[in-house]
Amino acid sequence: MLAYTILDNPVGRWLFALIVSLVVMIVVSLWRWVITHRLRPVALNSNIFASHAIVAIAKQTKGWIVLLLALYAGSLWIEMSPNLRIWTRSFGTILMLIQLGIWGNALIANWIEHYSSQAGDTNAAGVGTARLLTFIGRLVLYSVVTLLILDNVPGVQITPLLASLGVGGIAVALAVQNILADLFASLSIALDKPFIIGDFIIVGSEMGTVEQIGLKTTRLRSLSGEQLIFSNNDLLNSRIRNFKRMHERRIVFDVGVLYETDAELLRAIPGILREAVEAQEQTRFDRAHLARFDSSAISFEVVYFVLSPDFNLYMDIQQAINFVIVDRFRAEGIVFAYPTQQIYLNGSLALERHSR
């Protein structure tokens, strides 16, 4: 009976091919079961990427592909015509390439998930870069797999196809050059990191907190609540002020007093201003000088540093300094200046003060 021939192959050979297919199915199914049921709980509690990657590969091993590949493995023991052998070999190779593409995509997805969980709270810029590289990696993976599949289809020559794609690619690139410029700009943002998500930046006359860095646009949330959307290419061609990376804040403010102020009090004012600044925590005094004679005031210029980039802290400190200056000036009898005019009538001096 085993010598009975079916399609030019004895029954014994058909049985052996079936046994090979069953063995392949059983081995792969047993491997998947061990990985997904035994190793997976261990991998979930581990920070080692390799263990997560093995589990991801096992989970993304498609049963229908395994079945067809098992049948292909059994067919290797069957005698068939050269033409049919070419087609079956191409079919098996294409199936394997599809499974490799699925595995590659699973590894990329698992890597970005693992990286985001490890560095999401401490390295937002790195996560943004990783997501962009993930997109590029998937694009390269799908392109390579597609070309290899076409190369394994009998009768298909990919060399002329690649040549035509090259010519067509130039035309497409010219048509979508603005999109490509934004895409490369997003890559530059991801690698150079002039700003990251959460940074407060000023671009021209617009300002806001970075919410999203996409492949074509970057989105900011303005202080008044609306969303600002910038093209990545235009954004990189602008001058960007990144306040999130400020280590300390330099403050300059003026205080004006009346021209009638006594000379001794004028000499004392820089010291009073210095004491008002140094009385505050998280400040570093720089200087205080009688800077200029304005039209209706003698102006003193004060420069100091707030040892923090926090804007609210700066405003609290400036308010405290202003209160101290008001109290000291009133105690010393120093009067703040306000806009005045002096009018001469018939050679006598009449002083008229009024607010502009």
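Below, the structure is looked at part by part. (Residues numbered from 1 in each chain as written. Predicted model: local features only at pLDDT ≥ 70, side-chain atom pairs only at ≥ 80, totals over all residues. Heavy atoms only, no water.)

A few words now on the pairing of strand β9 (residues 283-293). Relative to strand β10 (residues 298-306), β9 runs antiparallel, the two sharing nine bridges. By the bridge assignment for β10, A288 is matched with V302. The turn linking β9 back onto β10 is made up of four residues. (Pairing = 2+ DSSP bridges. Helix = DSSP H or I, 4+ residues; strand = E, 2+ residues; numbered from the N terminus.)

This next bit is on the pattern of salt bridges. Taken as a whole and assessed by the stated rule, the structure comprises 10 salt bridges. R287 is paired through a salt bridge with E301; the nearest N and O atoms lie 2.7 Å apart. Of the two residues, R287 is situated in strand β9 and E301 in strand β10; the sequence distance between them amounts to 14 residues. For E301, a relative accessible area of 18% translates into the label buried. Connected through shared salt-bridge partners, D254, R292 and D294 make up one network. (Salt bridge = Lys/Arg side-chain N within 4 Å of Asp/Glu carboxyl O. Buried < 20%, exposed > 50% of the residue type's maximum accessible area, 1.4 Å probe, protein only.)

Another point: the sheet that holds strand β4 (residues 206-213). Read across the sheet, five strands follow the order β6-β5-β4-β3-β7 without closing on themselves; strand pairing throughout is antiparallel. Either end of the sheet is taken by a strand with one partner, and the two such strands are β6 (227-231) and β7 (240-242). Averaged over all pairs of adjacent strands, the angle between their axes in this sheet comes to 40°, without regard to strand direction. (Axes fitted to C-alpha atoms, helices over the stretch in contact; angles between N-to-C directions.)

The subject of this paragraph is the packing of aromatic side chains. Counting across every chain of the model gives six aromatic pairs. Centre to centre, the rings of Y259 and F293 are 6.3 Å apart; their planes meet at 25°, and the pair counts as stacked. With Y259 in the loop between β8 (249-257) and α9 (263-278) and F293 in strand β9, the pair connects residues that are 34 residues apart, well separated along the chain. For F293, a relative accessible area of 58% translates into the label exposed. A centroid spacing of 5.6 Å and a plane angle of 65° characterise the contact between F311 and Y314, whose relative ring orientation is edge-to-face. With F311 and Y314 both in helix α10 (residues 311-332) and three residues apart, this pair spans about one turn of that helix. The class of F311 is partly exposed, set by a relative accessible area of 44%. A relative accessible area of 16% means that Y314 is categorised as buried. (Phe/Tyr/Trp six-rings, centres within 6.5 Å; stacked < 30°, edge-to-face > 60°.)

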